[in-house]
Amino acid sequence: MCRCESFHQQLNELRLINSIYPDQVIIHDKDVKILVERDEEPNSDKEHDHPVNFYFIQKENNETVYEIEFSLHRNYPTQKVSAHVRLYNESCKPKQTLINQQLLAHINGNNSIDVYSVILWVADWIENGSTESLEMYNAGSSMDSECLSTISSLPETVSSDSGPMCRLWIISHHIYSKEKRKMILEGANYRNLKGFVKPGKPGFMCFEGPEDEAESFWKWVKGFRWQKINLIDKECPVGESLFSTFEELALDNSDFVRFLEVRDMNRVVRAFLGLSQKI
């Protein structure tokens, strides 16, 4: 795609965003602003050879909640969009740091991220994803007292004799998110639980440990955003542990079934196969 085609596509995208979100887009370049607002075509004799920079502003009750600073390289959309989020009325820096880290990973991990999809992703993160992400972010971090009072970190672990040893089996519609998988792994190890998480569709998890600990961890995991997730079995009490650690299993479904059968978990295998057709 030549630069003139890139610039034409950038203008069309800005016009679309400006029509969807009137009065929320602030364009730095006056020439670009005129072309967008008047729906005019650029001068074909003049090459636009610098980035298009603009802000998206989100307000509530006439107060700015957050803004996204965009920079479109002259070769965008062939070259990825650059975006940075600034949060207002936030006393804690970790939230802003984390959203920008995850936004960058989201952009780098996808080949077709446009301005509109970034706006939707940020809005969804602000509304639904910030708490669950911050819980793991803060689990091993030192934070000042002001931040600690406003952010929900991982629940404290309970004593090792809190109830009998139990085993919880969970199935999810899917587990793909790297962030969720990392949080589950680190959270289970933080609580000294044993078991596994198996990514894919469907996704599968097993938490093994003291009843209060396992139940509390399941409640925490269930609070993430899932399309569908269910506790399909709870074994309590259990005798000998089936696992030595908590790990992520890189297995397809057939290998996973064999993994369960080797550990003499045929009943759970049948439940897994039955639910896999419904979930």
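Conventions we followed
- Residues numbered from 1 in each chain as written.
- Predicted model: local features only at pLDDT ≥ 70, side-chain atom pairs only at ≥ 80, totals over all residues.
- Heavy atoms only, no water.
- Helix = DSSP H or I, 4+ residues; strand = E, 2+ residues; numbered from the N terminus.
- Buried < 20%, exposed > 50% of the residue type's maximum accessible area, 1.4 Å probe, protein only.
- Contact = heavy atoms within 4.5 Å.
- Areas by Shrake-Rupley, 256 points an atom, 1.4 Å probe, with all protein chains shown as cover.
- Disulfide = S-S within 2.5 Å.
- Axes fitted to C-alpha atoms, helices over the stretch in contact; angles between N-to-C directions.
- Parallel < 35°, antiparallel > 145°, perpendicular 65-115°, else oblique.
- Left-handed = near helix turned anticlockwise from the far one by under 90°.
- Nonpolar A, V, L, I, M, F, W, Y, C, P; charged D, E, K, R; others polar.
- Arc of directions from axis to C-beta.
- Polar contact = N/O pair within 3.5 Å; in protein donor to acceptor, adjacent residues only side chain to side chain.
- Pairing = 2+ DSSP bridges.
- Salt bridge = Lys/Arg side-chain N within 4 Å of Asp/Glu carboxyl O.

1. Details of the overall build of the chain
Argument step 1. A tally of regular secondary structure across the chain gives nine helices and nine strands.
Argument step 2. Per-residue burial over the chain gives 41% buried out of 279 residues.
Argument step 3. Look at the contacts in the chain between residues 6 or more apart in sequence, and 68% of them connect residues 24 or more apart.
Argument step 4. About 15300 Å² of surface is accessible on the chain, with carbon and sulfur atoms providing 45% of the total.

2. Description of the state of the cysteines
Argument step 1. If you walk through the whole model with that rule in mind, you get one disulfide.
Argument step 2. Here Cys166 is linked by a disulfide to Cys236, with a sulfur-sulfur distance of 1.9 Å. Of this pair, Cys166 sits in strand β5 (residues 165-172) while Cys236 sits in the loop between β8 (229-235) and β9 (246-248), and the two are 70 residues apart along the sequence.

3. Details of the packing of helix α6 (residues 178-190) against helix α7 (residues 211-222)
Argument step 1. Interhelical geometry of α6 versus α7 gives an angle of 160 degrees and a closest axis separation of 11 Å. By the angle between their axes, α6 is roughly antiparallel relative to α7. For the pair α6 and α7, the crossing hand works out as right-handed. Packed against α6, whose contacting residues are Met183, Ile184, Gly187 and Ala188, the element α7 presents Phe217, Trp220 and Val221 at the interface.
Argument step 2. Taken together, the residues of the contact of α6 with α7 break down into six nonpolar, one polar and no charged.

4. Comments concerning helix α2 (residues 30-37)
Because an α-helix packs 3.6 residues into every turn, residues spaced three or four apart end up facing the same way.
Argument step 1. Within α2 the residues assigned to the buried category are Val32, Leu35 and Val36. For α2, the arc enclosing every buried residue in end-on projection is 95 degrees, short of the 170-degree limit, so these residues lie on one face. Set apart from the buried face of α2 by more than 90 degrees, the exposed residues are Lys30 and Glu37.
Argument step 2. One side-chain oxygen at the N-terminal end of α2 lies 2.9 Å from the backbone nitrogen of Asp31; it belongs to Asp29.
Argument step 3. One or two residues past the end of α2 sits Asp39, with phi positive at roughly 55 degrees.

5. Observations regarding the sheet that holds strand β2 (residues 52-60)
The strands that make up a sheet pair up through hydrogen bonds in the backbone, lying either parallel or antiparallel.
Argument step 1. Taking strand neighbours across the sheet as the criterion, the four strands line up as β1-β2-β3-β4 in an open arrangement whose pairing is antiparallel. Lying at the two open borders of the sheet, with one neighbouring strand each, are β1 (25-27) and β4 (82-87). Strand-to-strand, the axes of this sheet are offset by a mean angle of 20 degrees, without reference to chain direction.
Argument step 2. Relative to β4, strand β3 (residues 63-72) runs antiparallel, the two being bridged by six bridges. Bridge pairing in β4 links Ser71 to Ser82.

6. Observations regarding the sheet that holds β9
Argument step 1. Strand order in the open sheet formed by five strands is β8-β5-β7-β6-β9, and the pairing between neighbours is mixed. Edge positions in the sheet fall to β8 and β9, since each has one partner strand and no second. When strand polarity is set aside, the average angle formed by the axes of neighbouring strands in this sheet is 15 degrees.
Argument step 2. Sheet topology note: the strand β6 (residues 194-198)/β9 ladder contains three bridges and is parallel. In the sheet register, Phe196 faces β9, and the bridge partner there is Glu247.
Argument step 3. Packed on one face of the sheet, α6 meets β6, β7 (203-210) and β9 and runs near 165 degrees to β9.
Argument step 4. Against the sheet, α7 engages β5, β7 and β8, with an angle of about 150 degrees to β7.

7. Remarks on the pattern of salt bridges
Argument step 1. Counted according to the given criterion, the structure contains eight salt bridges.
Argument step 2. Across the pair Arg181 and Glu248 runs a salt bridge whose closest N-O atoms are separated by 2.8 Å. You can see Arg181 sitting in helix α6 and its partner Glu248 sitting in strand β9, a full 67 residues away along the chain.
Argument step 3. Put simply, Glu213 and Arg191 hold a salt bridge, and the shortest N to O gap is 2.0 Å. Pair noted here: Glu213 is in helix α7 and Arg191 is in the loop between α6 and β6, with a separation of 22 residues, a long-range link.
Argument step 4. Overall, the relative accessible area of 3% leaves Glu213 in the buried class.
Argument step 5. Assessed through its relative accessible area of 3%, Arg191 is described here as buried.
Argument step 6. Here the residues in one salt-bridge network are Arg167, Glu208 and Glu235, joined through shared partners.

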